[in-house]
Amino acid sequence: MIQLKVNGSAKRFDGDPEMPLLWYLRDVLDYTGTKFGCGAGLCGACTVHVNGEATRSCVTSMRDAAGKEITTIEGLGAKSEHPLQAAWKQCNVSQCGYCQSGQIMQAAALLKAKPKPTNADIDTAMQGNICRCGTYQRIRQAIQIAAGVKA
Amino acid sequence: MTHIEKVSRRGFLGSAIGAGALVLGVGVESAEAAAAAWSPSVYLGLEPNGTAVIVAHRSEMGTGIRSVLPMVVADELEADWQKVRVQQAVGDTKYGSQNTDGSCSIRDFYDAMREAGATARLMLEQAAAKKWNVPAGECKGQNHFVVHAKSGKKAAYGELVKIAATLPVPKKGDLRLKPESEFRYIGKELPTIDQADHTRGAGRFGIDARMPGMLYASIERPPVLGAKLRSFDDSAVKGVKGVVQTSTIPGFKPPHLFQALGGVAVLADSTWSAAQGRKKLKVEWDLGPNGAFDSAREKAEILAKIKQPGKVVRNEGDVDKVFAGASRIHEASYYVPLLSHAPMEPPAAVAEWRDGKVVTYAATQNPQAVQEAVAGAMGIKKEDVTCHVTLLGGGFGRKSKPDYVCEAAILSRQVGKPVKVVWSREDDIKFDFYHANAGMYMKAALDEKGRPTAWLHRSAFPSIGSTFDAAAEYAMELEMGMGWVDLPYAIANHRAENLPHKNHVRIGWMRAVAHIYHAFAIHSFVDELAAAANRDRVEYILDLLGPDRQVPIQPVGMKYWNNDQGQDKFPVDTARLRRVLEVAAEKSGWANKKPGKGRALGVAAHRSFLTYVAAVVEVEVDERGRLTIPRVDVAVDAGQIISPERARSQVEGAAVFGTSLAMMGEITAADGRIVQSNFNNYPVARIQEAPRVTHVHLVPSKAPAAGIGEPGVPPIAPAITSAIFAATGKRIRELPVRKTKLV
C-alpha cells in the first residue's frame, strides 16, 4: 500500500507500484489538469511538484511518489491565485492551453528557487517544457511580470 | 455518474443531456428554460433570465475561434459579453461546415454570425415596440437592453424573450447591421473565454473525456502502410494486471481515407495497464509493397525526377526560347522532408456503441467528418453518430482526420463498453498523416541587372490526393494553388510543371500545407538571385513584384484554387504584398542593420490563405555554429481583423511553428517503418530555440477578412535560410537546417 498526499489530502494506492504518477493523477483521481505529452520526460506537459520540486510525473513511478507531497495545477492556486496564474491571464498566454499547466508548474518552481530570474534562468528552467502553439514569448513575459522583473 | 454530473456543471459534457438541446438555447441545468427559451438562429438562443447562449460550431485548437465568432454574434446582438454563455456544438450539417482548417472560420462565417446577432436584436427591438406600442424603428438594442429614447423606456433582453418568440423571423434584407463605429467587440482586444481555465488546468480536452464504465485501449498498429496482420499471440498479455481483453481492428480498404489503420488492441482499466499489456503482444505482419520504402532512396528519386519535364500547369510566354538565348542562367533544387504535426495532445477520443448508435467525445477539428468516418466504419447512418467536440490540445490539421475516433467506436462495439483511445507520442509520430516531402527545381534566365527574363519551376511530391484515391500521383489543384501556380512576379516567360509521385505513407495537410515547400523553394531561389545580382533583397523582391496590380491567375488544364474563392473578391494583389514587405522592412530596421559577426537579417514575402505576409528574421550564428533567433518582424495584411489580440498570437505562434520545421523537423522511413518516435528524435522548437521575440505588425486593410491561423508559417523558413546565408555564406537548399553545419 502506497501512501502519499495530493494537493494536501492523504491518498492510498494499492495498484501497480510501477504505474507513473501521471496516470494515477489522471485515471484514478481525475486530476486531468496534469497532461500527457510524451511519456518519456521530454516535453514537460506532465509537470507537478513533488515535495516542492518540479517533477515529470510521466516518468515518476508510484513507488517513488510514496510518502511524498504532490501538488498539481489544481492545487497550485487552491487557496489564492498564484501570481503566475494572474500574469498568464494578463498576457493571454494560452493558445490551445494544453501544455500550460506544466509550464505554470515549472515556472512556479523556478520562482520559488529564483524569485528574480534572468532571461538565461528562464531559458534554463523552461527548456524542458514544449509549447507546440509557440507561446514562448508570452510565457517569458508572464514569468517576468509575476516576478516583477523587467524584460 | 457522479463524475458526469460534476463536469456537467462546468459545461463540458453538458450537451450530452440532449443532442440539439443547445440549439434551442436551453441551459444545461435549466430544464424549464426549454419551453420558454427562444432561438431565432441555429447559432444562438436567449433564455428568459437574459443569458445569451451562443453556439461555437468551429473547433477550438488554440486560435481562439470559439470565443471570437461568438463575439461577432454578441456584438450584433448588442449583448453584454458577461451575459453570454458559449456552447460548443455537436457535429451537425445545419451549422454549415464545421471543418476547422484552411484558415477560413472568420472568412466563411463572419457575415453569418453578424446576421444571426442582428436578427435576434431586431426581433427584440420589435418585441419591445409591441410591448410599448411604439414604432419598432424607435427602439434600439443596447448592451442587453432595448431602449426607447423618446419615452425613456428600457427593458432587459430577458423580459422580451417571450414576445420575441412569437414574432416571425425577419428577412435578411430587413436587418440593420451595425456600423464599424458602434462595434463593441469586433476589432477590440478581448480575452478568450478559455484563458482562465487554462491557468487552473480546468480545460477539458479529448484526452480528459470519460464515459462511465469505459475501458482504455492501447493499439499495436501495422508498422507499414497497408501491412496485413498475419498472426498474433496475446498469451502473455492476459497476465498483466488491469488488462481485460485484447481485440483486433480490421485493416482498411483502399483508399485509406480516415479509416482506422487496423491492428491489435489491448483493453484495460487504465492507460498504463493497456500500454503494459501491449508490450507483451507478439504480432506478425505481412508488410506488403510499402515494406521496402526508404526515405533516402526516395529523396534521390525525387531530386532526379525534377530534372525532367513534367505536366505543364502554368505557361506564359516562351520559357524555352528565352533559356536557349540566355547568357546567364541560375538553377537550383530544393528539398523539404516529411513532417509530423505532433500536437501536444496526441489523437484522443472516447466512444460508446449502444443500440446501433455511437456517441463520442473527441478532440476533432471536424465533427462532421467524425460522423461520416465512424458511420462508414460501423455501417450505420451518420445521423446516428453524435460527436461532442472537446477542446483540442493543438490540431495543425492532424485532428481533422478522425481515424482515432473510428478506433474507439469499433472497439466499443467489440467489447460492449465505452472505449477511450489515446495515442502514445510514439503512435502519433509513427502513424501520422504526414506533411508531404517535396522536391522542387527552379531555373531562371537573367538579364544584365540579374532580373529573371524567364522562370521555370517544377515540383514532385506525394499528394494529399492519395488519401482519397490510392492511385493518385499528380498534385491536386489545391496543392498547386498554394503559392505555386499563383506566383505573382512580373516575369513575362513563366512555366510551372508537376511530376507524378507515389505515396508510401499517409499524406495529409499540416498547418500551411503545400505553401511550406513552395515558399521555401521560391523565396530561397529569389534570395539566391538577389545575392547573385549583388542587390538588396527587399529591393529585389519589390522589383520582381513589379507595378501595383491585380494579377489574374490562369493555370493550364486546371482551375486556380484560391481557397475556393473567386479572384474578383480575393484577387492576387501585388500592392498588398509590396505593402507588407515595406512594413516588415521598416519595422525591422532593414535598411540600417548590416550583417556582421554571424548576425544578419533574412526576408521573405508570401501570400497564402488570401492573406499577405512578409517576415524579416534576425539570426545569430555563434562560433560553434549554434543558431539563435533574437527577433522576428512579421507584417500581415489579412483584410479585416476581428480579434487583433488572437491574430497577433497566431502569427507569433506561426513563427515558432515555422522555426521548428525550418530548423529541426524531419520524418524518415527505413524498411518501410518510420524511424522517429518522440521529441528526442523528432525535435520541435523549445523556448531557447524559438524566436526570442516576434513583433507582429497588422497592416490596416479594407479588404474582406482572410486567413490568420496559417499564413504566418510559409515565409519563416526561407527568411531564416536567407538570414543564414547573409550571416555565414552558407546556402541551405534542404530542410531541416540542422543537417547542415553552419560553421
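Placed above this text is the structure.
Reading the values: rules and limits
Residues numbered from 1 in each chain as written. Chains lettered and ligands numbered in written order. Predicted model: local features only at pLDDT ≥ 70, side-chain atom pairs only at ≥ 80, totals over all residues. Heavy atoms only, no water. 1 Å grid on protein atoms, 1.4 Å probe; cavity = no way out; pocket = protein on both sides within 12 Å on 5 of 7 lines; lining within 4 Å. Points joined across faces, edges and corners; volume = space filled by probe spheres on them. Nonpolar A, V, L, I, M, F, W, Y, C, P; charged D, E, K, R; others polar. Helix = DSSP H or I, 4+ residues; strand = E, 2+ residues; numbered from the N terminus. Buried < 20%, exposed > 50% of the residue type's maximum accessible area, 1.4 Å probe, protein only. Polar contact = N/O pair within 3.5 Å; in protein donor to acceptor, adjacent residues only side chain to side chain. Contact = heavy atoms within 4.5 Å. Core = buried A, V, L, I, M, F, W, Y, C linked by side-chain atoms within 4.5 Å. Pairing = 2+ DSSP bridges. Axes fitted to C-alpha atoms, helices over the stretch in contact; angles between N-to-C directions. Buried area = accessible area lost by both parts, 1.4 Å probe. Salt bridge = Lys/Arg side-chain N within 4 Å of Asp/Glu carboxyl O. Parallel < 35°, antiparallel > 145°, perpendicular 65-115°, else oblique. Left-handed = near helix turned anticlockwise from the far one by under 90°. Expected span 1.5 Å × (residues − 1). Bend = angle between axes of the 7 residues up to and from the residue.

Draft legend 1. Main features of empty space enclosed by the protein. Residue and element names in this part refer to chain B. In the structure shown here, the tally under the stated rule is 8 cavities of 30 Å³ or more. Forming the boundary of the largest cavity are 14 residues, of which Pro-223, Val-224, Leu-225, Lys-430 and Phe-431 lie nearest the centre. Per-class residue counts for the lining of the largest cavity are 9 nonpolar, 2 polar and 3 charged. If you add up the space inside the second largest cavity, you get close to 100 Å³. The wall of the second largest cavity is formed by Gly-483, Asp-486, Leu-487, Pro-488, Tyr-489, Ile-522, His-523, Leu-577, Ala-605, His-606 and Arg-607. Only helix 14 (515-532) and strand 24 (599-608) provide two or more residues apiece to the lining of the second largest cavity. At 3 residues, the largest contribution of residues to the lining of the second largest cavity is made by strand 24. Class assignment of the residues belonging to the lining of the second largest cavity gives a composition of 6 nonpolar, 3 polar and 2 charged.

Draft legend 2. Main features of the side chain of B:Ser524. Residues and elements named next belong to chain B. Tracing the backbone shows Ser-524 in helix 14. Given a relative accessible area of 2%, Ser-524 falls into the buried group. For Ser-524, the side chain forms a polar contact with the main-chain oxygen of Phe-520, separated by 2.6 Å. Those residues in contact with Ser-524 that sit more than four places away from it in its chain are Tyr-334, Ala-519, Pro-718, Thr-721 and Arg-731.

Draft legend 3. Molecular detail of the nonpolar core. Ranked by internal contacts, the top residues of the largest apolar core, which has 210 residues, are A:Leu21, A:Ile143, B:Trp455 and B:Val619. Ranked by the residues each element gives to this core, the list is headed by helix 14 of chain B, at 9 residues.

Draft legend 4. Fine view of the sheet that holds strand 16 (residues 357-362) of chain B. Residues and elements named next belong to chain B. As summarised here, the arrangement of the 7 strands in space is 10-11-8-18-15-16-17, forming an open sheet in which the pairing is mixed. Since the sheet does not close on itself, it has two edges, and those belong to strand 10 (243-249) and strand 17 (385-389), each with one partner. Neighbour-to-neighbour, the strand axes of this sheet turn through a mean angle of 25°, independent of strand direction. Two strands pair when backbone bridges link them, and strand 8 (residues 215-220) and strand 11 (residues 263-268) are joined in this way by 5 bridges, in the antiparallel orientation. Bridge pairing links Ser-218 to Val-266 in strand 11. Strands strand 8, strand 10 and strand 11 of the sheet are contacted by helix 7 (residues 271-279), whose axis makes an angle of about 30° with strand 8. Set on the sheet, helix 10 (residues 367-378) makes contact with strand 15 (348-354), strand 16 and strand 17; between it and strand 17 the angle comes to about 145°.

Draft legend 5. Geometry of the interface of chain A and chain B. The partner chain B presents 60 residues to the 51 residues of chain A that form the contact. Note on chain A versus chain B: buried area summed over both sides is about 4600 Å², and carbon and sulfur give 52% of it. Counting every contact that joins chain A to chain B gives 7 salt bridges. Its salt-bridge partner being B:Asp208, residue A:Lys35 comes within 2.5 Å of it at the nearest N-O pair. Our enumeration of links across chain A and chain B arrives at 29 residue pairs in polar contact (both at pLDDT 80 or more). Counting residues per element, the ones that place at least two in the side of chain A that touches chain B are helix 1 (21-28), helix 3 (73-76), helix 4 (83-90), helix 5 (100-113), helix 6 (119-126) and helix 7 (136-147) of chain A. Broken down by class, the residue content of the side of chain A that touches chain B amounts to 21 nonpolar, 17 polar and 13 charged.

Draft legend 6. The arrangement of the packing of helix 15 (residues 537-545) of chain B against helix 16 (residues 574-588) of chain B in detail. Residue and element names in this part refer to chain B. Relative orientation of the contacting elements helix 15 and helix 16 amounts to 170°, with a least axis distance of 10 Å. On the basis of the axis angle, helix 15 is roughly antiparallel to helix 16. Between helix 15 and helix 16, the contacting residues are Val-538, Ile-541, Leu-542 and Leu-545 on the first element and Thr-574, Leu-577, Arg-578, Leu-581 and Ala-585 on the second. Residue composition of the contact of helix 15 with helix 16, by class: 7 nonpolar, 1 polar and 1 charged.

Draft legend 7. Local environment of the sheet that holds strand 1 (residues 38-41) of chain B. Residue and element names in this part refer to chain B. Spatially, 1-2-3-4 is the arrangement adopted by the 4 strands of the open sheet, whose pairing is mixed. The outermost strands of the open sheet, each flanked by one partner alone, are strand 1 and strand 4 (84-88). On average, each strand axis in the sheet is inclined to that of its neighbour by 25°, with strand direction left out of account. In this sheet, strand 3 (residues 52-56) lies alongside strand 2 (residues 44-46) in antiparallel orientation, the contact comprising 3 bridges. In the sheet register, Gly-45 faces strand 3, and the bridge partner there is Val-53. Of the strands in this sheet, strand 2, strand 3 and strand 4 touch helix 3 (residues 65-77), which is tilted by about 140° from strand 3. Its contacts with the sheet put helix 4 (residues 105-132) on strand 1 and strand 2, and the angle it makes with strand 1 is roughly 130°.

Draft legend 8. Representation of the pattern of salt bridges. A full pass over the atoms with the stated rule returns 65 salt bridges over all chains. When the shortest N-O distance is used, the salt bridge between A:Asp30 and B:Arg204 registers 3.9 Å. A residue pair is termed interchain when its members come from two chains, as with A:Asp30 in the loop between helix 1 and strand 3 (47-50) and B:Arg204 in the loop between helix 6 (195-200) and strand 8. According to the relative accessible area criterion, A:Asp30 is buried, its value standing at 10%. Residue classification places B:Arg204 among the buried positions, given a relative accessible area of 6%. In this structure, the salt-bridge partner of B:Glu78 is B:Arg184, at a minimum N-O distance of 2.8 Å. Taken as a pair, B:Glu78 in the loop between helix 3 and strand 4 and B:Arg184 in the loop between helix 5 (157-164) and helix 6 lie far apart in primary sequence, 106 residues in all. Since its relative accessible area comes to 31%, B:Arg184 is described here as partly exposed. Salt bridges sharing partners connect three or more residues here, namely B:Glu76, B:Arg114, B:Arg121, B:Glu125 and B:Arg176.

Draft legend 9. Examining the packing of helix 6 of chain A against helix 7 of chain A more closely. Residue and element names in this part refer to chain A. Viewed as axis vectors pointing N to C, helix 6 and helix 7 meet at an angle of 120°, and their least axial separation amounts to 11 Å. As judged from the angle between their axes, helix 6 and helix 7 are oblique. The way helix 6 lies across helix 7 gives a crossing that is right-handed. On the side of helix 6, the interface is formed by Asn-119, Ile-122, Asp-123 and Met-126, while helix 7 contributes Ile-139, Arg-140, Ile-143 and Gln-144. For the contact of helix 6 with helix 7, the residue count by class is 4 nonpolar, 2 polar and 2 charged.

Draft legend 10. Structural context of helix 4 of chain B. Residues and elements named next belong to chain B. Between its first and last C-alpha atoms helix 4 spans 39 Å; for 28 residues at 1.5 Å apiece the expected length is 40 Å, and the two agree. For helix 4, the principal kink sits at Asp-111 and spans about 30°. The element helix 4 is largely enclosed, with a buried count of 21 among its 28 residues. At the exit of helix 4 stands Asn-133, carrying a positive phi of roughly 60°.

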